[in-house]
Amino acid sequence: EPLQKVAETSMTGKGAELNKELLAQLIVDAVQQVTVEADDGSHIVDLENINIETQTGRSAGESELLVGAVVDKDPVQEDMPTEFDDANVLLLNEAIEVEEADVDTQVSIDSPDQLQQFLDQEEQQLKDKVDRIVESGADVVFCQKGIDDLAQHYLAKEGILAVRRVKKADVRFLREILGANIVSDLDDFGTEDLGFGNVERDDEDELFYVKGAENAHGVTLLLRGSTDHVVDELERGVSDA
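To keep things clear, this report deals only with the structure shown in the data block. On a predicted model such as this, the values are computed, not experimentally measured, just so you know. (Residues numbered from 1 in each chain as written. Predicted model: local features only at pLDDT ≥ 70, side-chain atom pairs only at ≥ 80, totals over all residues. Heavy atoms only, no water.)

Some points on the layout of surface pockets
Its volume calculated, the largest pocket comes out at about 330 Å³. Contributing to the lining of the largest pocket are 15 residues, with Ile 27, Val 31, Leu 47, Ile 50 and Ala 241 lying nearest its centre. Elements that contribute at least two residues to the lining of the largest pocket include exactly α1 (2-11), α2 (20-33), β3 (50-56) and α6 (228-240). For the lining of the largest pocket, the leading source of residues is α2, giving 4 residues. Classifying every residue of the lining of the largest pocket by side-chain character gives 12 nonpolar, 3 polar and no charged. (1 Å grid on protein atoms, 1.4 Å probe; cavity = no way out; pocket = protein on both sides within 12 Å on 5 of 7 lines; lining within 4 Å. Points joined across faces, edges and corners; volume = space filled by probe spheres on them. Helix = DSSP H or I, 4+ residues; strand = E, 2+ residues; numbered from the N terminus. Nonpolar A, V, L, I, M, F, W, Y, C, P; charged D, E, K, R; others polar.)

Observations concerning the packing of aromatic side chains
Applying the stated criterion to the full structure yields 1 aromatic pair. Here the basic side chain of Lys 127 rests over the ring of Tyr 154, its NZ or CZ set 5.8 Å away from the ring centre. (Phe/Tyr/Trp six-rings, centres within 6.5 Å; stacked < 30°, edge-to-face > 60°. Lys NZ or Arg CZ within 6 Å of the ring centre and 35° of its normal.)

Points about the sheet that holds strand β12 (residues 219-225)
Taken in spatial order, the 3 strands of this open sheet run β3-β12-β4, and their pairing is mixed. Unpaired on one side and paired on the other, β3 and β4 (64-67) mark the two borders of the sheet. Geometrically, the sheet is characterised by an average inter-axis angle of 25° between neighbouring strands, direction not taken into account. As paired elements, β4 and β12 share 4 bridges and run antiparallel to each other. In the strand pairing of β12, Val 67 is matched with Val 219. Against the sheet, helix α5 (residues 168-178) contacts β3 and β12, and its axis sits at roughly 135° relative to β3. Here α6 sits on the sheet and contacts β3 and β12; the angle it forms with β12, its principal contact strand, is near 140°. (Pairing = 2+ DSSP bridges. Axes fitted to C-alpha atoms, helices over the stretch in contact; angles between N-to-C directions. Contact = heavy atoms within 4.5 Å.)

Examining the pattern of salt bridges
Oppositely charged side chains can form a pair if their charged atoms are brought close together. Counted under the stated rule, the structure contains 14 salt bridges. Taking the shortest distance from any N to any O, the salt bridge between Lys 5 and Glu 1 comes out at 3.6 Å. Considered together, Lys 5 and Glu 1 belong to a single accessibility category, that of exposed residues. A salt bridge links Asp 131 to Lys 127, with the nearest nitrogen and oxygen atoms 3.6 Å apart. You can see Asp 131 and its partner Lys 127 sitting in helix α3 (residues 112-136), 4 residues apart, about one turn around the helix. Classification of Asp 131 as partly exposed rests on a relative accessible area of 25%. (Salt bridge = Lys/Arg side-chain N within 4 Å of Asp/Glu carboxyl O. Buried < 20%, exposed > 50% of the residue type's maximum accessible area, 1.4 Å probe, protein only.)

As structure tokens, then:
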């Protein structure tokens, strides 16, 4: 109760004041979720494990606290599966695209056959990247960078969910939630780098909900508001609280 009053007081006079009772309860719950007891009996609050996400088009009263992470992205192809229990998750900081030369080059092509050889080589390069992902046992790929259309096709064919251009901060938070390593070289990674958890798509909210292992303390405060201005004000008040 004292914690809730402190949270409500800190939101007074700000845009979050209208919903301060609900928001204060969410904040207290969030802080308690990420509080751990130290060896000496004191309590440590790890605010790094509280992620704040915002969403417009809904009322502030529909804000909620979720155990795990939220990713505000779409799958790269509509026919990919979007729900996994006990998924192996790859966090990737490398584009699944054809590698470009470090310097500008010009290539003279004398025949259609030569052009086809170049295209076949590019296609094989993409297929090799996807094959390495498949061999690792990954079910889901959250990629910070781009994914080529052809690579998307291969991933969908293998029943792998892929999401591209995920924010750097979201990938870091997913690392803590899932116990994964962030992979920056597909030529040098293995099953031990994958994270583990549940991934589920909410089509109405157009969000992915990602829940990690039971001992993962990360939570997400999903703040909703009618406009960008409203959610900005909510976020400011909630951060103070």
